[in-house]
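Structure at a glance
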Amino acid sequence: MLDPKYIRANTDIVRQGIKNKRMDDAVLDEFLGADDLWRNAITEVDALKALRNTVSEQISQMKRSGEDATAEITRMREVSNRIKEMDAEVRLLEERFQRALLMIPNMPHESVPACQDESGNVIIRQWGEPRAFDFTPLPHWEIATRLGLIDFERGTKIGGSGFILFTGLGAKLQRALFNWMIDLHTETQGYTEVLPPTLANRDCMIGTGQLPKFEFDMYRMPDDDLFLIPTAEVPITNVYREDILDGAELPIYLTGHSKCFRREAGAAGKDTRGLLRVHEFDKVEMVKFATPESSYDELEKLTQNGEEVLQQLGIPYRVKLLCTGDMSFSSAKTYDLEAWASGVEQWLEVSSCSNFEFYQARRANIRFRRENGGKPEFVHTLNGSGVALPRTFVAILENYQQADGSVIIPEVLRPYMGGIEVIEAK
RNA sequence: GGAGAGAUGGCUGAGCGGACGAAAGCGACCGCCUGCUAAGCGGUUGUGGGGACUUAAAUCCUCACCCCGGGUUCGAAUCCCGGUCUCUCCGCCA
C-alpha cells in the first residue's frame, strides 16, 4: 500500500496515477473520506484516554494515602463507558480506512510510459528470430497429443477444463524444466532455493496484494480461510513478513518452484486452447528484497536472469515494458518476457518482472535496518517468473518440432531428461 | 483429535492488579579514563498511530503495543473467556 501521509499530501498525483493505471479513482475519494472520519474520532477518544490515565493515576495515589476516591471512580466509570462506545466506533472507522487504503493501487514509476491501453507498451529488445519452417508447423496441442506428452481428455476428467494431465516424456519434460531452471538460478545467478507451501493465509494474500481486491480470482478453502497460491511470489515474498532484516544482508535473492492456481473466471474461450491458459500450472519464481536505492538496478538484473532461461533454451523472445494502463495493481514497473511460439504464431507471456518498491513491503511490513540502531525502513520487493512452464513447454514443442513429427530437446535440458535428445514420433 | 506446559524489548530473563514501556544481565551506541586488540566508569538504547511546530529533519504533546481478539476493573503484562503458535504426552496418519 501507499503511505497514508503521502496520499494526504499528494492527492492529485495519486489520483492521476490511479487513472493512468486505468482504475477507478473513486477508491481515493473513499479513502480521503474514511481517513478524515477516522482521524477525527481517534483524536477525540485519545483525549478521553489521556484523561482516564491521569485520573486513574490520582486514584492510585489517593488510595495509597488513604483518601476517599469514590467521586473520581464514579466519574471515571462514565468516562470509561464513553471510551468503550467510541472505541467500537473507531474500530469500524479504522477498518474502513484500512480497506480503502488497501484498494489504492501502487503508483507507476516515472520511467513507465503513461497510456491507457496496451498500445503504450514498448518493446525494449528482442533476442533471436522466429524460426523459418519448410513445412507447416503444428500447434502444440497436436504435437503433444501425437507424441503422448499430454492427455487432454483425461486431464479434464480430473479437474475439468483447464487442468492438464502430462504423461510420459511430457511429465518428465516438466520436471526437467523446473529442475534445470532452479539450478540455473541457484548455481549461476546467486539465488537461494526455497520450497514454500502451496496454500497461504489471508495475511499473506494481503501482503502481496491479492487481497482484498482479487479474492474471487483465487481458489479458496473457506473452512480454513486459506487460499491456493496464484504464484510462488505470495509465499516467497511473505517469508519475511513482519521481519526487520539486517541491511548488510540485502539484497536477498530467493527462488522456488510451485504449483500456481488461477480460476481465470470469465476468461473462457479466449486463447485457452491447449496450454495457453490453464487453471493449474508449474512456475519457477525469483523474488528479491532490496534497498530502495538499488531496486531498479535489481529489476534490470532480475529481468536478465529470466531472459537467460529463454536464451539457454534457444527460444526467441522479446522484452516488453508495460505502460501504466497494462500494469498490475501492485507494480511500479514491469517488464514482460514474451516467448515466440511457431505453431500458434504468437508471442506468449512467460514472465512478468516487476518492482513493487515498498508497496508490498508496507502491506507485509517487511523492513530493514541500515546499521545497528538505525531506524527500520521498508525494503523494496521485486519478483519475476523464471519462468512459467506451460507456455515455455509450448514454445519448445512448437519451435523445436521437425518435419517427421519429432521434437528436439534443447541441449541444456538433456542431462535432466536422462540424456534424451529427441522425442521421437511414434 | 485429546491432555498438559509455555509465548515478555535485539537476545537471556524477572514481574502475576496501581509508582511498569516494563527489573537484572548480555549485546549495541555515545562519552570518559587507561601508553598500546583488554578492563573500568558514566550515559543512551523498542515499534507504530494521531496531533503541534518546521520547507524538512530534530523536538514536543498524546494514544496504543508484554502472541492475537474479546471481557472484568476507576486502573490489566498481571485476573477471566476465545483463538494462534511452540514444546511434551496420547490418538490418528502420508
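Before reading on, note that the structure itself is shown above.
The rules behind these values
- Residues numbered from 1 in each chain as written.
- Chains lettered and ligands numbered in written order.
- Predicted model: local features only at pLDDT ≥ 70, side-chain atom pairs only at ≥ 80, totals over all residues.
- Heavy atoms only, no water.
- Buried < 20%, exposed > 50% of the residue type's maximum accessible area, 1.4 Å probe, protein only.
- Helix = DSSP H or I, 4+ residues; strand = E, 2+ residues; numbered from the N terminus.
- Pairing = 2+ DSSP bridges.
- Axes fitted to C-alpha atoms, helices over the stretch in contact; angles between N-to-C directions.
- Contact = heavy atoms within 4.5 Å.
- Nonpolar A, V, L, I, M, F, W, Y, C, P; charged D, E, K, R; others polar.
- Near = heavy atom within 4 Å.
- Polar contact = N/O pair within 3.5 Å; in protein donor to acceptor, adjacent residues only side chain to side chain.
- Disulfide = S-S within 2.5 Å.
- Phe/Tyr/Trp six-rings, centres within 6.5 Å; stacked < 30°, edge-to-face > 60°.
- Lys NZ or Arg CZ within 6 Å of the ring centre and 35° of its normal.
- Salt bridge = Lys/Arg side-chain N within 4 Å of Asp/Glu carboxyl O.

Our focus in this paragraph is helix α12 (residues 389-399). Among the 11 residues of α12, 10 are classified as buried, and the element is accordingly described as predominantly covered. All buried positions along α12 are accounted for by Leu389, Pro390, Thr392, Phe393, Val394, Ala395, Ile396, Leu397, Glu398 and Asn399.

Once that is clear, we can look at the pairing of strand β14 (residues 380-388). With 9 of 9 residues buried, β14 lies mostly within the body of the structure. As paired elements, strand β8 (residues 280-290) and β14 share 7 bridges and run antiparallel to each other. Counterpart to Lys283 in the pairing with β14 is Ala388. In the sheet, strand β11 (residues 346-355) pairs with β14 via 2 bridges, with the strands oriented antiparallel. Note that in β14 the partner of Asn355 across the bridge is Leu382.

Attention now goes to unusual backbone geometry. The amide bond that connects Leu211 to the next residue, Pro212, takes the cis arrangement and shows omega of 0°. Omega for the bond connecting Leu250 with Pro251 falls within 30 degrees of zero, at -5°, which places this linkage in the cis form. Within the secondary structure, Pro251 is located in the loop between β6 (244-246) and β7 (252-261). In this structure, Asp225 takes a positive phi of about 55° despite not being glycine.

Before going further, it helps to examine the sheet that holds strand β4 (residues 220-221). Spatially, 3 strands are ordered β3-β5-β4 in an open sheet, and the strand pairing comes out antiparallel. Each edge of the open sheet carries a strand with a single partner, namely β3 (199-201) and β4. Here β3 pairs with strand β5 (residues 226-228) via 3 bridges, running antiparallel. Residue pairing in the sheet places Leu199 in a bridge with Leu228 of β5.

Let's shift gears to the packing of helix α2 (residues 11-20) against helix α3 (residues 26-64). Relative orientation of the contacting elements α2 and α3 amounts to 145°, with a least axis distance of 9 Å. Note on element contacts: α3 touches α2 through Val27, Leu28, Asp29 and Leu32, opposite Thr11, Val14, Arg15 and Ile18. When the residues that make up the contact of α2 with α3 are grouped by side-chain class, the tally is 5 nonpolar, 1 polar and 2 charged.

So, on to the protein's contact with RNA strand B. Taken together, 27 residues lie near RNA strand B, and Arg39, Asp46, Arg77, Ser80 and Lys84 sit nearest. Here, RNA strand B places atoms within 4 Å of the protein, and 72% of those atoms are sugar or phosphate. One nitrogen or oxygen atom from the side chain of Lys84 is found 2.9 Å from a phosphate oxygen belonging to RNA strand B. At a separation of 3.1 Å, a phosphate oxygen of RNA strand B approaches a polar side-chain atom of Arg91. In terms of residue class, the surface near RNA strand B is made up of 7 nonpolar, 6 polar and 14 charged.

Quick look at the state of the cysteines now. One pass over the structure, following the stated rule, counts 0 disulfides. Summary of cysteine pairing: Cys115 is not part of a disulfide, and the nearest cysteine sulfur, belonging to Cys323, is at 4.6 Å.

Moving on, we get to the packing of aromatic side chains. The final tally for this structure, using the stated rule, is 10 aromatic pairs. Taken together, a centroid distance of 5.3 Å and an interplanar angle of 90° make the contact between Phe133 and Phe135 edge-to-face. Here Tyr191 and Tyr253 contribute two aromatic rings whose centre-to-centre distance is 4.9 Å and whose plane-to-plane angle is 40°, an arrangement assigned as tilted. In this pair, Tyr191 is assigned in the loop between α7 (169-188) and β2 (192-193) and Tyr253 in strand β7, connecting sequence segments 62 residues apart. For Tyr191, a relative accessible area of 4% translates into the label buried. Taking relative accessible area as the criterion, Tyr253 reaches 13% and is therefore assigned buried. Grouping aromatic residues by their ring pairs yields a cluster made of Phe31, Trp38 and Phe97. Looking at Arg362, its charged tip hangs above the ring of Phe358, at a distance of 5.4 Å from the centre.

This part is about the pattern of salt bridges. With the rule as written, the count across this model stands at 26 salt bridges. Across the pair Arg241 and Asp203 runs a salt bridge whose closest N-O atoms are separated by 4.0 Å. Here the residue Arg241 occupies a position in the loop between α9 (233-237) and β6, and Asp203 occupies one in helix α8 (residues 202-208), the gap between them amounting to 38 residues. For Asp203, a relative accessible area of 46% translates into the label partly exposed. Notably, a salt bridge pairs Glu264 with Arg277, separated by 3.2 Å at the nearest N-O pair. Of this pair, Glu264 sits in the loop between β7 and β8 while Arg277 is found in the loop between β7 and β8, placing the two residues 13 residues apart along the sequence. On the basis of relative accessibility, which here comes to 28%, the residue Arg277 falls in the partly exposed class. Because the salt bridges share partners, they merge into one network encompassing Arg15, Lys19, Asp25 and Asp29.

This part covers the environment of Gly256. With respect to the secondary-structure elements, Gly256 resides in strand β7. The spacing of Gly256 and Leu195 is 61 residues in sequence and 5.6 Å in space, taken between C-alpha atoms. Beyond its immediate chain neighbours, meaning those up to four positions away, Gly256 contacts Ile182, Val194, Ile236, Lys283, Val284 and Glu285.

This paragraph deals with the sheet that holds β6. Taken together, 3 strands build an open sheet; the order of strands is β6-β12-β13 and the sheet is mixed. The outermost strands of the open sheet, each flanked by one partner alone, are β6 and β13 (376-378). Strand-to-strand twist of the sheet, defined as the mean angle between neighbouring strand axes without regard to direction, takes the value 40°. Across 3 bridges, the pairing between β6 and strand β12 (residues 367-369) is parallel. Paired with Leu245 across the two strands is Phe368, which belongs to β12.

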